[in-house]
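Working through the structure, step by step
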Amino acid sequence: MGVKKKSVGYQYSPDEFKAYQWCINNGIYISPFCKENFISWHIDIEINKKINRSPQVFDTRELWETIFKYYKYYYDKQHKKRK
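Residues numbered from 1 in each chain as written. Predicted model: local features only at pLDDT ≥ 70, side-chain atom pairs only at ≥ 80, totals over all residues. Heavy atoms only, no water.

1. Looking at the nonpolar core
For the record, the criterion: The term nonpolar core refers to a set of buried residues drawn from Ala, Val, Leu, Ile, Met, Phe, Trp, Tyr and Cys, joined through side-chain atoms within 4.5 Å. Relative accessibility thresholds used throughout: buried, under 20% of the residue-type maximum; exposed, over 50%; partly exposed, between the two (1.4 Å probe, protein chains only). Numbering of helices and strands runs from the N terminus; a helix is a DSSP stretch of H or I covering at least four residues, while a strand is a stretch of E covering at least two.
Ranked by size, the top nonpolar core spans 15 residues in total, and within it Ile 30 and Ile 43 carry the most contacts. Of all the elements in the fold, those that place two or more residues in this core are α1 (14-25), β1 (28-36), β2 (40-47) and α2 (60-81). Looking at this core element by element, the count peaks at six residues for α2.

2. Describing the packing of aromatic side chains
Cut-off, in case you're wondering: Under the pairing criterion, centres of Phe, Tyr and Trp rings, with the six-membered ring standing for Trp, must be within 6.5 Å; the plane angle then separates stacked pairs below 30 degrees from edge-to-face pairs above 60, leaving the rest tilted.
Scanning the model with the defined rule gives ten aromatic pairs in all. Taking 6.0 Å as the distance between ring centres and 50 degrees as the angle between the ring planes, the aromatic pair formed by Tyr 20 and Phe 68 counts as tilted. Of the two residues, Tyr 20 is situated in helix α1 and Phe 68 in helix α2; the sequence distance between them amounts to 48 residues. Looking at Phe 68, the relative accessible area reads 9%, which means it is buried. Ring centres of Trp 22 and Tyr 75 lie 5.8 Å apart, and the angle between their planes is 80 degrees; this geometry places the pair in the edge-to-face category. Of this pair, Trp 22 sits in helix α1 while Tyr 75 sits in helix α2, and the two are 53 residues apart along the sequence. For Trp 22, a relative accessible area of 15% gives the class buried. Among the aromatic residues, those joined into a cluster by ring pairs are Tyr 10, Tyr 12, Phe 17, Tyr 20, Phe 68 and Tyr 71.

Right, here's the structure in full:
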């Protein structure tokens, strides 16, 4: 009898994954940057080879949710321009 493993990571939605794929294909990269001992993190956003680092510090619980929110933000921003 198998044992189910409990998922502890952030579970992105299909819309968030679509936004992630679109951003990667269009040169927008968003990644974590460790500030201190894998406890606190900044978020780096690279667009056209220019990197901006978030002034806000995130803990590991909110990090990936925030990264996918940024991907969704840039995806939505570009698609609203086209309308």
